[in-house]
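Remarks on the overall topology
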Amino acid sequence: RCFEGECVPDDCLATGCPQPGGAQDRSTLPTLVTDDPSAEAQLRAAREAEEEGRASEAELLYDAFLEEHPTDPLVPLAQLGLGRVQLAVGRVEEALALFAVVETSDDPAVAESGRFYRGVALQLVGRSAEALEVLVPLIDRTVDPVRTLLLLQSVAAAAERGSRTDLALTAFARPASDPD
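Being a predicted model, the structure only gives us computed values, none of them experimental.

**Some remarks on the overall build of the chain**
Looking only at helices and strands, one finds 8 helices and 0 strands in the chain. Going from the N terminus to the C terminus, the chain shows its helices and strands as α-α-α-α-α-α-α-α. When the 180 residues of the chain are sorted by exposure, 51% land in the buried category. Taking contacts inside the chain between residues at least 6 apart in sequence as the whole, the part at least 24 apart equals 56%. As displayed, the chain offers around 8,500 Å² of accessible surface, 52% of which is attributable to carbon and sulfur atoms.

Below is the structure:
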């Protein structure tokens, strides 16, 4: 069985891209599972490449998974991972398209992760009003300190760009746990 959490290459925080978050509350993990050990192994290999910052390899592995297992229940997790890799390497529009698909997942945790990363991507391409519409409802919903920090930074940046100084200051002032 496969439980997949959140992760992206380690070198992204400086660029505003998502980061791996360490331990997660099990209640926030996706419930998607597969009976196909080959699919599970392929997805695990892609995640490992992503976590280790091997973006090109991770992208190839996620693409291979999606091509070889188009109907597997883990497809939304592969799409999410591929979107994070694309976001991390600056292909934000491609990532946005994947996150929009992931948002339609039947798994609530996966769908929310798709919304989260879509909001981050929207902020990165300067679509501030859309980013705020997606991200503000997620405040106080993240349990991972790194994701919380990314959320608050993204909200603050989008709010500042959208001349929402009050919201930007609130996001900047909000306590976020130290991601270490």
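After presenting the structure, the write-up continues.
**Concerning unusual backbone geometry**
A positive phi angle, close to 75 degrees, is found at D140, a residue other than glycine. Looking at the secondary structure, you find D140 in the loop between α6 (128-135) and α7 (145-161). With a relative accessible area of 63%, D140 lands in the exposed category.

**So, the side chain of R84**
Tracing the backbone shows R84 in helix α3 (residues 75-88). Judged by relative accessible area, which is 2%, R84 ranks as buried. Polar contacts involving the side chain of R84 include one to the side chain of E50, which spans 2.9 Å.

**Observations concerning the packing of aromatic side chains**
Describing an aromatic ring pair means giving the distance of the ring centres and the angle of the ring planes. This structure, assessed with the given rule, holds 2 aromatic pairs. A centroid spacing of 4.9 Å and a plane angle of 85 degrees characterise the contact between F116 and Y117, whose relative ring orientation is edge-to-face. A residue is classified by how much of its surface remains accessible, and F116, at 1% relative accessible area, is buried. Look at Y117 and you get buried, because its relative accessible area is 0%. These aromatic residues form a ring-pair network of at least three members: F99, F116 and Y117. Just above the ring of F116 sits the side chain of R147; from NZ or CZ to the centre is 4.1 Å.

**Quick word on the confidence of the model for the chain**
When pLDDT is averaged along the chain, the result is 80; 73% of the residues meet or exceed 70. For the chain, helix α8 (residues 165-173) is the element with the lowest average pLDDT, namely 61, and helix α2 (residues 55-68) is the one with the highest, namely 97. Within the model, pLDDT remains below 50 along residues 1-28, and this stretch shows 77 contacts once partners closer than five positions in the same chain are excluded.

Conventions we followed
Per-chain numbering applies: the sequence of each chain, read as written, is numbered from 1 onward. With pLDDT at 70 or above as the cut-off, local features in this predicted model cover only qualifying residues; side-chain atom pairs require 80 or more to be listed or tallied, and sums for whole chains, interfaces and linings still use all residues. Values shown for side chains rest on all heavy atoms present in the structure; no hydrogens or waters enter the calculation. Secondary structure elements are taken from DSSP: a helix is a run of H or I of four residues or more, a strand is a run of E of two residues or more, and numbering for both begins at the N terminus. We call a residue buried when its accessible area falls under 20% of the maximum for its residue type, exposed when it is over 50%, and partly exposed in between, using a 1.4 Å probe and counting protein chains only. Contact between two residues is taken to exist if any of their heavy atoms lie within 4.5 Å; hydrogens are not considered. All accessible areas in this document rest on Shrake-Rupley with a 1.4 Å probe, and a residue is counted as covered only by the protein chains that are shown. In protein, a polar contact means a hydrogen-donor-capable atom and an acceptor-capable atom, both N or O and within 3.5 Å, with residues adjacent in sequence counting only if both atoms are side-chain atoms; elsewhere, any N or O pair within 3.5 Å suffices. Working definition: rings of Phe, Tyr and Trp (its six-membered ring) pair if their centres are within 6.5 Å, and the pair is stacked with planes under 30 degrees apart, edge-to-face with planes over 60 apart, and tilted otherwise. Should the NZ of a Lys or the CZ of an Arg lie within 6 Å of a ring centre and within 35 degrees of the ring normal, that charge is described as sitting over the ring. Values of pLDDT, which run from 0 to 100, indicate the predictor's confidence residue by residue.

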